[in-house]
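Descriptive analysis of the structure
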Amino acid sequence: SLKQISSDMKRRLTYFSRSSYFNNKVIVITGASSGIGMAAAKTFFKLGANLVLAARSLDKMEALAKELTDDSSRILCVKTDVSLEEDCRNLIEKAVEHFGRIDILINNAGISMRAPFKDVDLDVLRRLMDVNFWGTVYCTKYALPEILKSKGSIVGVISTAGYAGLPGRTGYVTSKFAIRGFLETLRMEHLNDGIHVMVFAPGYTASNVRNAALLADGTPQGYSPKEEGKLMSAEEVAGKLADGLWLKRREMILTALGYWDVWFYKRFPRIMEKVQLYYIRQHEKQDDPFK
């Protein structure tokens, strides 16, 4: 039908317009060895971008690069622990040395936790802040001069936990709130400089983040209490991330559940606090940290 043909043409025009936007752009992605970071690398490479991949697992990034292309000039892998300022400085310097510019910085590296505050070792909270918050601050600090030159984009991957509390995740929630506040302030400071700053908040996404979540003593959880197959895929999240960058969105909250969670929390906080606690307890019955 004519309606179907029109719809197909619209999708194709949208794809080519988005693809041309990312063509030859230099994109730095932290946490690129798994999950959303890896999916984003695949998505942006297909859209024609040049990539700088950052993570602690150099072998995983190099395997990903080989999977994507034989042209080593288009992908640079830099072993990076974002909790270390010098590693972040080195990452940005290597990116500029290799490509001569940076157009987009995606602060994606992050870790989670699972333990009530009364039980948690304070070092766990420090580790969460060092990776999630300070990693974003360090990378943004050293990339900002290049982003200003290119009038590019800075993204912080947070979570709906950056808008509303989540039981058993004090360090995680705190770090995500902090990233949101940092990026919103950065946006204000550069309103007239032509750069784009986006807060990107996926809902529950299929990834390794829950397996690697830190328990009260700082050891990894080692399993996921979620049915990962029923969650939004990392590939779908990466596609939404590309859309947000292309459309220059200020913020994106993914999934209807995530959107309504934030909406209701702002308006009915007392009710939502009870709902959140009930939800966490029901979905983590096998090892309820609040019993």
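Above: the structure in question.
Residues numbered from 1 in each chain as written. Predicted model: local features only at pLDDT ≥ 70, side-chain atom pairs only at ≥ 80, totals over all residues. Heavy atoms only, no water.

**Focus on the pairing of strand E3 (residues 75-79)**
As paired strands, strand E2 (residues 50-55) and E3 are joined by five bridges and run parallel to one another. Within the sheet, the bridge partner assigned to Leu-51 lies in E3 and is Ile-75. For the crossover that starts at E2, traverses helix H3 (residues 58-68) and ends in the parallel E3, the hand is right-handed. (Pairing = 2+ DSSP bridges. Helix = DSSP H or I, 4+ residues; strand = E, 2+ residues; numbered from the N terminus. Right-handed = clockwise from strand over helix to strand, strands pointing away.)

**Here's the deal with the side chain of Ser-153**
Mapping Ser-153 onto the fold places it in strand E5 (residues 153-157). Judged by its relative accessible area of 1%, Ser-153 is buried. (Buried < 20%, exposed > 50% of the residue type's maximum accessible area, 1.4 Å probe, protein only.)

**Structural notes on a nonpolar patch on the surface**
A contiguous nonpolar surface patch, about 570 Å² in accessible area, is contributed by Tyr-259, Trp-260, Phe-264, Phe-268, Ile-271 and Val-275. Breaking the nonpolar patch down by element, the ones donating at least two residues are helix H8 (256-267) and helix H9 (269-283). Here the nonpolar patch takes three residues from H8, the largest share from any one element. In this structure, Ile-271 sits in helix H9. (Patch = residues over 30% accessible without salt bridge, like charges linked within 9 Å, V, L, I, M, F, W, Y side chains within 5 Å. Areas by Shrake-Rupley, 256 points an atom, 1.4 Å probe, with all protein chains shown as cover. Salt bridge = Lys/Arg side-chain N within 4 Å of Asp/Glu carboxyl O.)

**Quick look at the sheet that holds E5**
Taken in spatial order, the seven strands line up as E3-E2-E1-E4-E5-E6-E7 in an open sheet, and their pairing is parallel. Of all strands in the sheet, those with a lone pairing partner are E3 and strand E7 (251-253), marking the two edges. Mean inter-strand twist for the sheet, computed between neighbouring axes without regard to direction, equals 15°. Each of E5 and strand E6 (196-201) touches helix H6 (residues 170-189); the most contacted strand, E6, lies at about 160° to it. (Axes fitted to C-alpha atoms, helices over the stretch in contact; angles between N-to-C directions. Contact = heavy atoms within 4.5 Å.)

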